[in-house]
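Residue strings, one per chain:
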Amino acid sequence: MSLLDRVPEYIRSLVPYEPGKPIEEVEREYGIEGSIKLASNENPLGPSPKAVKAVAERVSDLHLYPDGDSFYLKRALAAKLGVSQDRLIFGNGSNELIELAVRTFMRPGDEAIVAHRAFVIYRLVVQAAGGASKIVPLKDFTHDLEAMAQAITPKTRVVFLANPNNPTGTIYRRREFERFLERISAEILLIVDEAYFEYVGDADYPNSIAYQVYQGEGRTILTLRTFSKLYGLAGLRIGYAVGPKEIVGLMQRVRQPFNVNAAAQWAALAALDDAEHIRRTLEVNREGMEYLEREVDKLGLKRVASQANFILLRVGDGRAVFEKLLRRGVIVRPMGAYDLPDYIRVTVGTMMENSRFIEELKTVVKENE
Ligand SMILES: *Cc1c(COP(=O)(O)O)cnc(C)c1O
């Protein structure tokens, strides 16, 4: 048996993640310039200026290995969240924490429950570990917690929830979540991905950290958050998980000692305290979302009500609209990979970016009529 023959089918059949082209390449190919990217839910204001300064001041320390315990960042974040430090773990983006959790708690043959049209990374990671994903359809573009609870079997080890969900931007609310928790035993790891937590304005939005000890009972909830969105640090790759200390402790053993790079730690620590950048980011998002909703409604296009920093729009042939916008220098995300061929997902940008997108969309939609 050759080395290649020994690679299991679940590895061979993985479909590689399709990365977008660098913006410079797209511009060269189409002979355009000044294009805007509204495709990856990045912060349109850029990184926190305090984070930029913190990194600039310490570039000459880059020959040193990072702090393997993220000491200062962990201390600051634990204080901010009101949790003990042993309940926090950092990752090379929250995506690494998804992988660490699955590697720690799933074996080949185990099952995970994931929503159809939830973040594709969950399924990818589960498959790479030899696990099986049970896919549960959304209801009104939202996680159907009732159906997800029903899908649990004795083989289920992990349940993935994204709140708000990507690519729909929708949330489930407190009552539903509490009913769902009643049906989940503590032997199941419930991973709640809250990458867009800070953007949500709804008063009934459940903060899953508050439920980690619920009605006196321990639930095995692992909450994922990130510095990639609100804090504008996607390029540095840093996210974190909050969970019961026993769960976090096991994941600490599995992770690489220097999984979070030094610049990411400096920047995240500074960004955490940058109240002004956070305030402006949320304000720009709120104004931008209101503007996009209004303009999309005028165009008569269907949209999904979003609580995050992006919006799902029904445009007809999503791939064609994506291509046409691309040629006009506006990069959005087609949704074929999510089984939503009629849709595009658009990140809320600055006001200039939003109005440029709407102008180009108007032209493209007219052409299609
Ligand atoms: C953007 C996003 C993340 C963030 O991933 P990082 O690895 O922290 O950059 C996580 N989950 C969802 C659903 C997202 O959309």
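Here the residue numbers are simple positions, counted from 1 along each chain's written sequence. With pLDDT at 70 or above as the cut-off, local features in this predicted model cover only qualifying residues; side-chain atom pairs require 80 or more to be listed or tallied, and sums for whole chains, interfaces and linings still use all residues. Heavy atoms throughout the structure, all of them, feed into the side-chain values; hydrogens and water do not.

Considerations on the domain arrangement of the chain
Heads up, the condition is: Just so you know, the domain bounds were taken from an automatic or database domain assignment. Accessible-area loss on putting two parts together, using a 1.4 Å probe and summing over both, is the definition of buried area adopted here. Here, a salt bridge means any side-chain nitrogen of Lys or Arg that lies within 4 Å of a carboxyl oxygen of Asp or Glu. We define a polar contact as two N or O atoms separated by no more than 3.5 Å, with the added condition that, inside protein, one atom must be a possible hydrogen donor and the other a possible acceptor, whereas residues neighbouring each other in sequence contribute only through side-chain atom pairs. Note on conventions: DSSP H or I runs of at least 4 residues are helices, E runs of at least 2 residues are strands, and numbering of each starts at the N terminus.
When cut into domains, the chain gives domain 1 (4–46 + 275–368) and domain 2 (49–272). Here domain 1 packs against domain 2, burying approximately 2,600 Å² in sum over the two surfaces, 64% of which is carbon and sulfur. For the domain 1 face of the interface with domain 2, the top three residues by lost area are Y10, Q307 and Y338, together amounting to 27%. Our count for the domain 1 to domain 2 interface comes out at zero salt bridges. At the junction of domain 1 and domain 2, the tally comes to ten residue pairs in polar contact (both at pLDDT 80 or more). Going through the elements one at a time, α1 (9–12), α11 (275–298), β12 (310–314) and β15 (343–347) are the ones with two or more residues in the side of domain 1 that touches domain 2. With five residues, the top contributor of residues to the side of domain 1 that touches domain 2 is α11.

Some thoughts on the site of the ligand
Our working definition: The near set for a molecule or strand comprises every residue that places at least one heavy atom within 4 Å of it. The accessible surface values rely on the Shrake-Rupley method and a 1.4 Å probe; as for residues, cover is taken only from the protein chains in view. Amino acids outside the nonpolar list (Ala, Val, Leu, Ile, Met, Phe, Trp, Tyr, Cys, Pro) and the charged list (Asp, Glu, Lys, Arg) are all regarded as polar, and Gly is one of them.
Inspection of the region around the ligand gives G93, S94, N95, F119, N166, D193, A195, Y196, T226, S228, K229 and R237 as its neighbouring residues. Taking Y196, its side chain carries an N or O atom lying 2.6 Å from an oxygen atom of the ligand. A distance of 2.6 Å separates an oxygen atom of the ligand from a polar atom in the side chain of S228. For the ligand, whose unbound accessible area comes to 380 Å², protein coverage reaches 94%. Its residues assigned to classes, the shell around the ligand comprises three nonpolar, six polar and three charged.

Some points on the sheet that holds β12
Formally: Whether two strands pair comes down to DSSP finding at least two bridges between them.
With antiparallel pairing, four strands are arranged side by side in an open sheet as β11-β12-β15-β14. On the outer flanks of this sheet lie β11 (302–303) and β14 (333–334), each paired with one strand and no other. Two elements, β11 and β12, share two bridges in a ladder whose sense is antiparallel. When the sheet's bridge partners are listed, K302 is paired in β12 with R314.

Describing the environment of I358
Note the threshold: In this analysis, two residues are considered to be in contact whenever any of their non-hydrogen atoms come within 4.5 Å of each other.
Among the secondary structure elements, I358 is positioned in helix α13 (residues 351–368). Residues I358 and V125, spaced 233 residues apart in sequence, show a C-alpha to C-alpha distance of 36 Å. What I358 contacts, discounting residues up to four positions off in sequence, is Y291, L292, E295 and V296.

Let's talk about the side chain of S48
For S48, the position within the fold is in the loop between β1 (36–37) and α3 (49–57). In terms of polar contacts, S48 uses its side chain to reach the side chain of D274, at 2.7 Å. The contact partners of S48, leaving out residues within four places of it in the chain, are Y231, A271, D274 and H277.

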